[in-house]
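Here are the chains, one letter per residue:
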Amino acid sequence: AGISLGCGSKEVRQFERSESGVPTLAFHGWRSGGVGVTVMIGVDPHKGSHTAVAIDGDEMQLAAGTVRATRRQVSELLSWAGRFEHRTWAIESAGGLGYLLARQLVAAGERVLDVPATLAARVRVLGAGRSNKNDSNDALSVAVAALRAPRLARVGRDEHSGVLRLLAKRNTDLGRARNRTACRLHALLAELVPGGISKEINARSAERLLASVEPVTPVQQARHDLAVEHLEDLRRFDEQMRASKTR
């Protein structure tokens, strides 16, 4: 599909201004890590597409474009940005929705900064006096935020710490899923036996309690069957959590 350039369009022209209204913390000739930045490219990432806006040190918009989120997204962005020899990329939420794009740009040898979504939103409101949210405006706000912020985290290559974060997140997600299942199981047991399980629920105690219940009505049978299913889910989560902790 290629990149869709917005230069000259009405949508782009409305963002061409020299001052964002943001308190200036850095000036023309802004430097980061000893590298002079001539062009800052802000990117508003989405699941289906990414919108980029390039500005100079005076916040003048130089170009804008959108690429679809495909395997060619990086090559298309680099081709579009090739006119700017000295450039820095600013990705909104480079640790979230913009994670893959940010790492791909770093792997291609590009300099990439992580711009928190809250900072970009603050710039947008200060610049327009209102939250006029759309992709081009968001990308422009990201670029201005990166240009003016005194310190932003630079995105690096994935290392062992990234692996540990993924494993830790997996373990946390499993724990939350197990807690939800345990709560649902306990609620069903309390509807089958007065008081349910008085202590912290686990698979063994739930199994013993279910074995002592003899459903009489169709409703009780349905509750019993659902409780058995949740018990199986609980056992599966317990096994997955044990496996997760041994990695």
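All values reported here derive from a predicted model rather than from experimental measurement.

A. Representation of the overall build of the chain in the model. A count of helical and extended segments in the chain gives eight helices and nine strands. Within the chain, buried positions represent 42% of all 247 residues. Contacts spanning at least 24 positions in sequence make up 62% of the contacts within the chain whose residues lie at least 6 apart. Surface summary for the chain: the accessible area is close to 14000 Å², and the carbon and sulfur share equals 52%.

B. Up close: the pairing of strand β8 (residues 112-115). Bridge count between strand β7 (residues 87-92) and β8: four bridges; the pairing is parallel. Within β8, the residue paired with Trp-89 across the bridge is Val-112. Here β8 pairs with strand β9 (residues 153-154) via two bridges, running antiparallel. If you follow Asp-114 over to β9, its bridge partner there is Ala-153.

C. Looking closely at the pattern of salt bridges. Tallied over the entire structure, the rule returns nine salt bridges. Measuring nitrogen to oxygen at the nearest pair gives 2.8 Å for the salt bridge that ties Arg-148 to Glu-59. One end of the pair, Arg-148, is in helix α5 (residues 135-148); the other, Glu-59, is in the loop between β5 (49-55) and β6 (61-68), and 89 residues separate them in sequence. Glu-59 shares its class with Arg-148; the two are buried. Across the salt bridge formed by Arg-178 and Asp-238, the nearest N and O atoms sit 2.5 Å from each other. Here Arg-178, found in helix α6 (residues 160-192), pairs with Asp-238, found in helix α8 (residues 218-245); they are 60 residues apart in sequence, far enough to count as distant. As far as the burial class goes, Arg-178 and Asp-238 line up, both buried.

D. Molecular detail of the packing of aromatic side chains. Enumeration over the complete set of coordinates arrives at one aromatic pair. Lying across the ring of Phe-237, Arg-236 places its NZ or CZ 5.1 Å from the centre.

E. Quick look at helix α3 (residues 99-107). Of all the residues in α3, the buried ones are Leu-101, Ala-102, Arg-103, Leu-105 and Val-106. Contacts made by the buried residues of α3 are with β4 (39-45), β5, α2 (73-81), β7 and β8. Residue Gly-109 follows α3 closely and has a positive phi angle near 90°.

F. Structural context of the side chain of Glu-92. Note that Glu-92 resides in strand β7. With relative accessibility at 12%, the residue Glu-92 sits in the buried group. Residues in contact with Glu-92, not counting those within four places in the same chain, are Val-43, Asp-44, Pro-45, Gly-98, Val-115, Ala-117, Ala-120 and Val-142.

G. Highlighting the environment of Glu-232. Relative to the helices and strands, Glu-232 is located in helix α8. Taking the C-alpha atoms as reference points, Glu-232 and Ala-203, 29 residues apart in sequence, are found 8.3 Å from one another.

H. Region of interest: the nonpolar core. One finds Ile-41, Trp-80, Trp-89, Ile-91 and Val-112 to be the most contacted residues of the largest nonpolar core, which totals 21 residues. Looking at this core, the elements with two or more residues in it are β4, β5, β6, α2, β7 and α3. If we skip the residues at most four places from it in the chain, Ile-91 touches Val-43, Pro-45, Gly-98, Leu-101, Ala-102, Leu-105, Val-112, Leu-113, Asp-114, Val-115 and Val-142. One finds Ala-90, Leu-113, Ala-146 and Leu-147 within the second-largest nonpolar core, a separate group that totals 19 residues.

Rules used throughout
Residues numbered from 1 in each chain as written. Predicted model: local features only at pLDDT ≥ 70, side-chain atom pairs only at ≥ 80, totals over all residues. Heavy atoms only, no water. Helix = DSSP H or I, 4+ residues; strand = E, 2+ residues; numbered from the N terminus. Buried < 20%, exposed > 50% of the residue type's maximum accessible area, 1.4 Å probe, protein only. Contact = heavy atoms within 4.5 Å. Areas by Shrake-Rupley, 256 points an atom, 1.4 Å probe, with all protein chains shown as cover. Pairing = 2+ DSSP bridges. Salt bridge = Lys/Arg side-chain N within 4 Å of Asp/Glu carboxyl O. Phe/Tyr/Trp six-rings, centres within 6.5 Å; stacked < 30°, edge-to-face > 60°. Lys NZ or Arg CZ within 6 Å of the ring centre and 35° of its normal. Core = buried A, V, L, I, M, F, W, Y, C linked by side-chain atoms within 4.5 Å.

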